[in-house]
Amino acid sequence: MTIRVVVADDQELVRSGFAMILDAQPDIEVVAEAGDGRAAVEAVRRLAPDVALLDIRMPGTDGIEACRTISAGTGCRTVMLTTFDSDEYVYEALHAGASGFLLKDVRRDDLVHAVRVVVAGDSLLAPSVARRLIAEYTSRPPAAAVAPSARLDVLTAREHETLLHLARGLSNAEIAAALVVSEHTVKTHVGNVLSKLGLRDRIQAVICAYECGVVTPSPAVTPSPAAAPSPAVTPPPEGGPASGSPTRGSRSPSGKPPGGGSARAGRSTGWSP
């Protein structure tokens with residue numbers, strides 16, 4: 001099966017770089033590029049891809065509005081592109097239907113892995129984005145939470161436990177160990193939780209758990225401004241998306257970029273399934 005992808009970013013060099021990396025994979029085809037959200041939505045409607053990579057900040061129709069339109073009207077899954085610690089729209093984008101977030105300095109292998117994970121029906125967050133999402137809930141007054149009985153009484157006791165473990169970021173294997181059941185049973189519980197609560201994926205399950213008070217983050221998660229360290233300035237990752245990006249016209253007869261493949265970077269261990 002070939003995974004069809006649309007890449008949307010108003011920075012041509014970044015957009016072309018991501019497209020080059022993905023298109024070099026034997027099981028992935030970039031079917032379109034877009035410079036704004038409106039063009040991305042039109043491309044998704046016209047070409048019916050499996051995944052859309054959307055920059056959050058784009059002129060005109062931004063990535064969040066594009067994500068909302070795509071999630072509501074198509075079967076395409078969306079992954080948001082963001083810069084480190086600079087976007088305040090994580091919560092809004094997840095509610096719009098995003099299946100995950102990628103930082104723009106993502107390593108090549110993690111970019112490819114993310115597309116495959118999302119197509120498989122899972123979701124992911126870069127660690128810094130996950131911390132920001134938790135911090136969003138930490139800053140909210142307790143009164144903002146919804147009573148668990150208002151929504152979760154459709155779940156069995158075991159499904160409720162499964163939702164709790166999902167909200168804590170446990171993998172299926174870890175949940176299986178905690179509940180002393182098989183991974184197959186956990187997959188069944190997770191599927192039941194998503195179906196009964198009308199949720200798209202595991203990320204929305206985490207949001208639901210926080211909203212319904214299943215878990216409550218500690219205020220200690222968010223450091224005070226005085227204690228927060230200054231952001232470290234790190235160089236772009238070796239072979240990152242923006243370096244040496246060809247134009248979309250530079251194609252070999254096979255339809256892949258010249259060179260035929262992408263350099264493989266070591267697998268990062270920071271991703272949350």
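Residues numbered from 1 in each chain as written. Predicted model: local features only at pLDDT ≥ 70, side-chain atom pairs only at ≥ 80, totals over all residues. Heavy atoms only, no water.

**Points about the environment of Asp105**
Okay, so step 1: Here Asp105 shows up in the loop between strand E5 (100-103) and helix H5 (108-119).
Okay, so step 2: The spatial distance from the C-alpha of Asp105 to the C-alpha of Leu81 is 9.7 Å, given a sequence separation of 24 residues. (Helix = DSSP H or I, 4+ residues; strand = E, 2+ residues; numbered from the N terminus.)

**Digging into the packing of helix H2 (residues 37-47) against helix H3 (residues 63-73)**
Okay, so step 1: In the contact formed by H2 and H3, the axes pass within 9 Å of each other and the chain directions differ by 20 degrees. Put simply, H2 runs roughly parallel to H3. Taken as a pair, H2 and H3 cross one another with a handedness that is right-handed. The residues of H3 that touch H2, namely those facing Gly37, Val41, Val44 and Arg45, are Ala66, Thr69 and Ile70.
Okay, so step 2: Residues that form the contact of H2 with H3 fall into these classes: four nonpolar, two polar and one charged. (Axes fitted to C-alpha atoms, helices over the stretch in contact; angles between N-to-C directions. Parallel < 35°, antiparallel > 145°, perpendicular 65-115°, else oblique. Left-handed = near helix turned anticlockwise from the far one by under 90°. Contact = heavy atoms within 4.5 Å. Nonpolar A, V, L, I, M, F, W, Y, C, P; charged D, E, K, R; others polar.)

**Here's the deal with the confidence of the model for the protein chain**
Low pLDDT means the predicted atomic positions in that stretch should not be read closely.
Okay, so step 1: Mean pLDDT over the protein chain works out to 75, with 66% of the residues at or above the 70 mark.
Okay, so step 2: Mean pLDDT values over the elements of the protein chain span from 60, in helix H6 (residues 127-138), up to 97, in strand E1 (residues 3-8). (pLDDT = per-residue confidence, 0-100.)

**Comments concerning the packing of helix H1 (residues 12-23) against H5**
Okay, so step 1: In contact at an axis separation of 10 Å, H1 and H5 are set at 70 degrees when each is read in the N-to-C sense. When the axes of H1 and H5 are compared, the pair comes out roughly perpendicular. Residues Phe18, Met20, Ile21 and Leu22 of H1 lie in contact with H5, whose contacting residues are Arg108, Leu111, Val112 and Val115.
Okay, so step 2: Of the residues assigned to the contact of H1 with H5, the class counts are seven nonpolar, no polar and one charged.

**Notes on the nonpolar core**
Okay, so step 1: Of all hydrophobic cores here, the largest spans 27 residues; its most connected members are Leu54, Ile70, Met80, Leu94 and Phe101.
Okay, so step 2: Put simply, the parts of the chain that give this core at least two residues each are E1, strand E2 (28-34), H2, strand E3 (51-55), H3, helix H4 (90-95) and helix H10 (202-211). (Core = buried A, V, L, I, M, F, W, Y, C linked by side-chain atoms within 4.5 Å. Buried < 20%, exposed > 50% of the residue type's maximum accessible area, 1.4 Å probe, protein only.)

**Thoughts on the sheet that holds E5**
Okay, so step 1: Spatially, the five strands line up as an open sheet ordered E2-E1-E3-E4-E5, and their pairing is parallel. A single partner strand is all that each edge strand has here, and the edge strands are E2 and E5. Adjacent strand axes in the sheet meet at a mean angle of 25 degrees when their direction is disregarded.
Okay, so step 2: With four bridges connecting them, E1 and E3 associate as parallel partners. Residue pairing in the sheet places Val5 in a bridge with Val51 of E3.
Okay, so step 3: H1 contacts E1, E2, E3 and strand E4 (77-82) of the sheet and is inclined by roughly 165 degrees relative to E2. (Pairing = 2+ DSSP bridges.)

**Concerning H3**
Okay, so step 1: The set of residues buried in H3 consists of Gly63, Ile64, Ala66, Cys67, Ile70 and Ser71. The buried side chains of H3 occupy one side of the element, clustering within an arc of 160 degrees when seen end-on. Among the exposed residues of H3, those oriented more than 90 degrees off its buried face are Ala72 and Gly73.
Okay, so step 2: Buried-residue contacts for H3 involve H2, E3, E4 and H4.
Okay, so step 3: Between a side-chain oxygen at the N-terminus of H3 and the backbone nitrogen of Ile64 the separation is 3.2 Å; the capping residue is Asp62. (Arc of directions from axis to C-beta. Polar contact = N/O pair within 3.5 Å; in protein donor to acceptor, adjacent residues only side chain to side chain.)

**Some details on the pattern of salt bridges**
A side chain with one charge may pair with a side chain of the opposite charge, provided their charged atoms come close.
Okay, so step 1: This structure, assessed with the given rule, holds eight salt bridges.
Okay, so step 2: Of the charged contacts, one joins Glu65 and Arg68 as a salt bridge, the two residues approaching to 2.8 Å between their closest N and O atoms. On the criterion of helical spacing, the pair formed by Glu65 and Arg68 is a turn pair, its members being three residues apart in helix H3.
Okay, so step 3: For Glu65, a relative accessible area of 36% puts it in the partly exposed group.
Okay, so step 4: Judged by relative accessible area, which is 32%, Arg68 ranks as partly exposed.
Okay, so step 5: The network of salt bridges with common partners includes Asp9, Asp55 and Lys104. (Salt bridge = Lys/Arg side-chain N within 4 Å of Asp/Glu carboxyl O.)

**Looking at the pairing of E4**
On a regular strand, each side chain points to the face opposite its neighbour's, so the side chains alternate between the two faces of the sheet.
Okay, so step 1: Within E4, six of the six residues are buried, leaving the element largely enclosed by the surrounding structure.
Okay, so step 2: Covered by surrounding structure in E4 are Arg77, Val79 and Leu81 together with Thr78, Met80 and Thr82, the residues of both alternating faces.
Okay, so step 3: Sheet analysis places E3 next to E4, joined by five bridges and oriented parallel. Each residue of the ladder has a partner; that of Asp55, found in E4, is Leu81.
Okay, so step 4: Bridging between E4 and E5 involves four bridges; their strand directions are parallel. Bridge pairing in E5 links Thr82 to Leu103.

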